[in-house]
Amino acid sequence: MGNTCANSVSASALRYDLHSHSIRSDGTLTPADLVTRAHAAGIGVLALTDHDVTDGIGEALFTANQLGMSLIAGVEISVTWQGHTVHIVGLNIDTTHVLLQQGLARLRAFREWRAVEIGRRLQKKRIDKAYEGARRLAQGEIVGRMHFARFLMDQGYVRGHQQAFRQFLARGKPGYVPAQWAELSEAVTWIRSAGGRAVVAHPGRYTMKPGELREFFDTFQECGGEAIEVISGSHTAEANRHYALLAQERGFLASVGSDFHGPEKTWMTLGRLPALPDGCIPVWRDWECSGLRTEDSALSPQS
Ligand code: AMP
Ligand code: MN
Ligand code: MN
Ligand code: MN
């Protein structure tokens, strides 16, 4: 399958957002509503990249086709690398690929177990029925930490998501459960064998020391990772600039993604990302949906 772009439109006119979430993981909109909102925000190419699941892609593709915009089949894979949790986005994947789906199923099984365990740990802090509350907010889908954060907010334990993570859910806090996610090499292999391109999500958010981060990028590249998110909705302007330079120095393709989770959130908006700095090579460079530039059209067999 590979490229799931629905339309060919002029590349220069398109706005890309290659990182977003729906209720199939920890976003709050249905895939259809997410795509509709992205379209209204002026996005021409959207990737749905739910955490460790691709169940929303079909619905998102259907809506994108109706609206005449392009939808990239994606996923955001949870990885543990040298004790750090990192996220690897896969873009333009074949969602039917068995190796990929087996890997994701393993991660979701861990999520199920972890959710019960988070509830148990919060109970020790006299927070009742957190698992049940988070489960309800997940509306039948996999329960993630974001659902616990929303539960803690709704119940008045905290004022916002950030505080929920700071006080209860982040590493070392009472509700934190150490995780063993996928190996970095596994995640990249799943993505590549499903025909996709592996992208380091929001590199500016990791807490690794500079030496560790360099080693992480080396390993990612050795495994076959090709791209990093240069522009992220969760980056500062300075981080965007830093990772633009890093992508150029290391020969990474550059991606752009809001990490939108829903209209409630303030730090990840749709349709407001800055453009890729000059000198970056877009991760979509050779995608069909980026359309044919006029000079290329003259070379196509039909013309
Ligand atoms: P999980 O994959 O279930 O462990 O949850 C990770 C998700 O929680 C991320 O994808 C974000 O959506 C959210 N998250 C993590 N850290 C924070 C934070 N400090 N503030 C707000 N949301 C966060
Ligand atoms: Mn999330
Ligand atoms: Mn992430
Ligand atoms: Mn994300």
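This text gives an overview of the structure that appears in the document.

About the thresholds
- Residues numbered from 1 in each chain as written.
- Chains lettered and ligands numbered in written order.
- Predicted model: local features only at pLDDT ≥ 70, side-chain atom pairs only at ≥ 80, totals over all residues.
- Heavy atoms only, no water.
- Core = buried A, V, L, I, M, F, W, Y, C linked by side-chain atoms within 4.5 Å.
- Buried < 20%, exposed > 50% of the residue type's maximum accessible area, 1.4 Å probe, protein only.
- Helix = DSSP H or I, 4+ residues; strand = E, 2+ residues; numbered from the N terminus.
- Contact = heavy atoms within 4.5 Å.
- 1 Å grid on protein atoms, 1.4 Å probe; cavity = no way out; pocket = protein on both sides within 12 Å on 5 of 7 lines; lining within 4 Å.
- Points joined across faces, edges and corners; volume = space filled by probe spheres on them.
- Nonpolar A, V, L, I, M, F, W, Y, C, P; charged D, E, K, R; others polar.
- Phe/Tyr/Trp six-rings, centres within 6.5 Å; stacked < 30°, edge-to-face > 60°.
- Donors = N, O, S within 2.8 Å, 3.2 Å for Na, K, Ca; no water.

## A few points about the nonpolar core
Reasoning step 1: Leu18, Ile77 and Phe216 are the most contacted members of the largest nonpolar core, which totals 71 residues.
Reasoning step 2: For this core, the element with the highest residue contribution is strand S3 (residues 70-81), accounting for seven residues.
Reasoning step 3: Contact partners of Phe216, with chain neighbours within four places excluded, come to Trp81, Val86, Ile88, Leu184, Val200 and Met208.
Reasoning step 4: In this structure, Ile127, Ala134, Phe148 and Phe168 belong to the second largest nonpolar core, which totals 17 residues.

## Overview of the layout of surface pockets
Reasoning step 1: Roughly 1,100 Å³ of internal volume is contained in the largest pocket.
Reasoning step 2: Along its surface, the largest pocket is lined by 37 residues, and Thr85, His87, Arg145, Phe165 and Arg205 are the ones closest to its centre.
Reasoning step 3: Among the elements of the structure, S3, strand S4 (84-91), helix H3 (98-124), helix H5 (145-154) and helix H6 (161-169) are those that each provide at least two residues to the lining of the largest pocket.
Reasoning step 4: Grouping the constituent residues of the lining of the largest pocket by class yields 13 nonpolar, 13 polar and eleven charged.

## A word on the packing of aromatic side chains
For any two aromatic rings, the description comes down to two numbers: the centre-to-centre distance and the angle of the planes.
Reasoning step 1: Tallied over the entire structure, the rule returns ten aromatic pairs.
Reasoning step 2: On the basis of an interplanar angle of 85° and a centroid distance of 5.0 Å, the ring pair of Phe110 and Trp181 is categorised as edge-to-face. With Phe110 in helix H3 and Trp181 in the loop between H6 and helix H7 (184-193), this pair connects stretches of sequence that are 71 residues apart.
Reasoning step 3: For Phe110, a relative accessible area of 18% translates into the label buried.
Reasoning step 4: Their ring planes at 45° and their centres at 5.8 Å tell us that Phe220 and Phe252 sit as a pair that is tilted. Placement of the pair is Phe220 in helix H8 (residues 210-223) and Phe252 in the loop between helix H9 (237-250) and strand S7 (253-257), with a sequence separation of 32 residues.

## What to know about the coordination of the manganese ion (ligand 3)
Reasoning step 1: Protein-derived coordination of the manganese ion (ligand 3) comes from Glu76 (OE), His87 (ND1) and His202 (NE2), at a distance range of 2.1 to 2.2 Å.
Reasoning step 2: The sequence pattern formed by the donor residues of the manganese ion (ligand 3) is E-x10-H-x114-H.
Reasoning step 3: The metal-metal distance between the manganese ion (ligand 3) and the manganese ion (ligand 2) is 5.6 Å. Of this pair, Glu76 sits in strand S3 while His87 sits in strand S4; the two residues are eleven residues apart in sequence, bridging distant segments of the chain.
Reasoning step 4: Looking at Glu76, the relative accessible area reads 0%, which means it is buried.
Reasoning step 5: A relative accessible area of 14% means that His87 is categorised as buried.

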